[in-house]
Amino acid sequence: MAVVMSILAQNISNEVCIIDANEKLVNGESKDVQQGSLYLRDAVIIGNTDYKASEDSAVCIITAGERQKKGQTRLDLLKTNVKIITQIVPPLVKYSPETILIIVSNPCDILAHVAWKTSQLPLERVFASGTHLDTARFRYFIAKRLGVSASSVQGYVIGEHGDSSVPVWSAVSVGGIRFRDLSKCAGAEGDTDQWHEVHNQVVKAAYEVIAGKGYTNWAIGLTVASLVSMILDNKNEVATVSTLAREREGIENDVFLSLPVVIGANGVTSFIKLQLSGLEQELLCKSAETLNKAMQSLKEKK
């Protein structure tokens, strides 16, 4: 619902369909929003348990799945949420064969890979929200420490949307100034200013929110809405989303993970080539290996 409200409140789309297996819940949620549609450009909000209601959707966003509980990693949700994804994807694609699929459910990297295989859609039209949120958190925490707006900070977090994510300090700039020119060891060995703590904040961010209220929703809702805007308005903006990374940035494994890409009307249109440091390259390959092991464990369970 945070995704729905973020899309509607920002006028990204004025027609949204909510599908849920719980008829009572989906009716209640959709009616609640419908009754405020006067303030949402008279938006059309449809709630249903039947996938046919979503027919001809330009974008399908999957958020269904078991929630991450306190103390759980995203990878802990793997087995249950894979089953859910394989049930949801076929009817979505049946009614919207030209759609773009965005996977938000965790572990989103692996679930996006499963969704791509299940849907048989072109690779560019299936991706996960990935580290797009981690990147937003990264920019926010840097900006907060420097006392500037987050929009003045550029930078990426890549790899797994999870504990093995990788901050790309070598690509960080503030107001157009390369950060490493100001703090040469930022995030690396010899970092006396403790900038590496910023990434620790990023990794711990979701756990802290979950400990406080039981789940995360608003930040990811805003994050996904921004991706939908890139697609519907053909913005060709750069975002770190999770897609097939094999043979990119030295990755040999057949895994989905986040790298900076250009997103437009057709989904992922191209990749941005990073100039990673040796340490960043090493950490990215370790992140890929973490995801590959999780994928292999999934195959073994079958």
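Residues numbered from 1 in each chain as written. Predicted model: local features only at pLDDT ≥ 70, side-chain atom pairs only at ≥ 80, totals over all residues. Heavy atoms only, no water.

- An unreviewed UniProt entry lists the chain under the name L-lactate dehydrogenase, with Ceratitis capitata as the source organism.
- For the record of the chain, the UniProt heading Catalytic activity (unreviewed entry) holds the text "(S)-lactate + NAD(+) = pyruvate + NADH + H(+)".
- UniProt, in the comment section headed Sequence similarities (unreviewed entry), describes the chain in these words: "Belongs to the LDH/MDH superfamily. LDH family." (UniProt positions renumbered as here; feature names shortened; annotations may be inferred.)

## As for the UniProt feature "active site" (unreviewed entry) in the chain
Here is step 1 of the chain: Feature annotation in UniProt assigns "active site" (unreviewed entry) to the following positions: His161.
Here is step 2 of the chain: Topologically, histidine 161 is positioned in the loop between β7 (157-158) and β8 (166-167). (Helix = DSSP H or I, 4+ residues; strand = E, 2+ residues; numbered from the N terminus.)

## Section: the pattern of salt bridges
Here is step 1 of the chain: Taken as a whole, this structure holds six salt bridges when the rule is applied.
Here is step 2 of the chain: In this structure, glutamate 98 engages arginine 125 in a salt bridge whose closest nitrogen and oxygen atoms are separated by 4.0 Å. Taken together, the positions of glutamate 98 in the loop between α3 (78-95) and β4 (100-103) and arginine 125 in the loop between α4 (108-119) and β5 (126-128) put the pair 27 residues apart, joining distant regions of the chain.
Here is step 3 of the chain: With a relative accessible area of 13%, arginine 125 lands in the buried category. (Salt bridge = Lys/Arg side-chain N within 4 Å of Asp/Glu carboxyl O. Buried < 20%, exposed > 50% of the residue type's maximum accessible area, 1.4 Å probe, protein only.)

## Thoughts on the sheet that holds strand β9 (residues 173-174)
Here is step 1 of the chain: The strand order across the open sheet formed by three strands is β6-β9-β10, and the pairing between neighbours is antiparallel. Each edge of the open sheet is held by one strand with a lone partner, namely β6 (153-154) and β10 (177-178).
Here is step 2 of the chain: Here two bridges tie β6 to β9, and the two strands are oriented antiparallel to one another. The partner of valine 153 across the bridge, within β9, is valine 174. (Pairing = 2+ DSSP bridges.)

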